[in-house]
Amino acid sequence: MAPQLRGNPRRRSAVVQSRSAEQPTRHPAVALAMALPCAVLLVMLFGGWDQMANQAQAVADLIGR
């Protein structure tokens, strides 16, 4: 069953808008700086670098033929 919203809908939208106004958006470079270490860690843990090299070699072989 879906939850029912109670109260004044204008007040709810004002609260949501004030929350979004309090938190400015991040610069893309900040998002990259946050995500890049995690991506590098995952590549190292799961052997992603070897897999990427194998895929690149397979594509190079297909193009060369």
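All of these numbers come straight from a predicted model, not from anything done at the bench. (Residues numbered from 1 in each chain as written. Predicted model: local features only at pLDDT ≥ 70, side-chain atom pairs only at ≥ 80, totals over all residues. Heavy atoms only, no water.)

Quick look at the overall build of the protein chain
Line of reasoning, step 1. For the protein chain, the count of helices and strands is three helices and zero strands.
Line of reasoning, step 2. Element order for the protein chain, N to C, with α for helix and β for strand: α-α-α. (Helix = DSSP H or I, 4+ residues; strand = E, 2+ residues; numbered from the N terminus.)

Remarks on helix H2 (residues 28-46)
Line of reasoning, step 1. In this model, H2 (19 residues) spans 26 Å end to end at C-alpha, consistent with the 27 Å of a helix rising 1.5 Å per residue.
Line of reasoning, step 2. One or two positions beyond H2, positive phi appears at Gly47, with a value near 70°. (Expected span 1.5 Å × (residues − 1).)

Some points on a nonpolar patch on the surface
Line of reasoning, step 1. Taken together, Leu32, Leu36, Val40 and Met44 make up a surface patch of nonpolar side chains, about 420 Å² in accessible area.
Line of reasoning, step 2. Its relative accessible area of 42% is what places Val40 among the partly exposed residues. (Patch = residues over 30% accessible without salt bridge, like charges linked within 9 Å, V, L, I, M, F, W, Y side chains within 5 Å. Areas by Shrake-Rupley, 256 points an atom, 1.4 Å probe, with all protein chains shown as cover. Salt bridge = Lys/Arg side-chain N within 4 Å of Asp/Glu carboxyl O. Buried < 20%, exposed > 50% of the residue type's maximum accessible area, 1.4 Å probe, protein only.)

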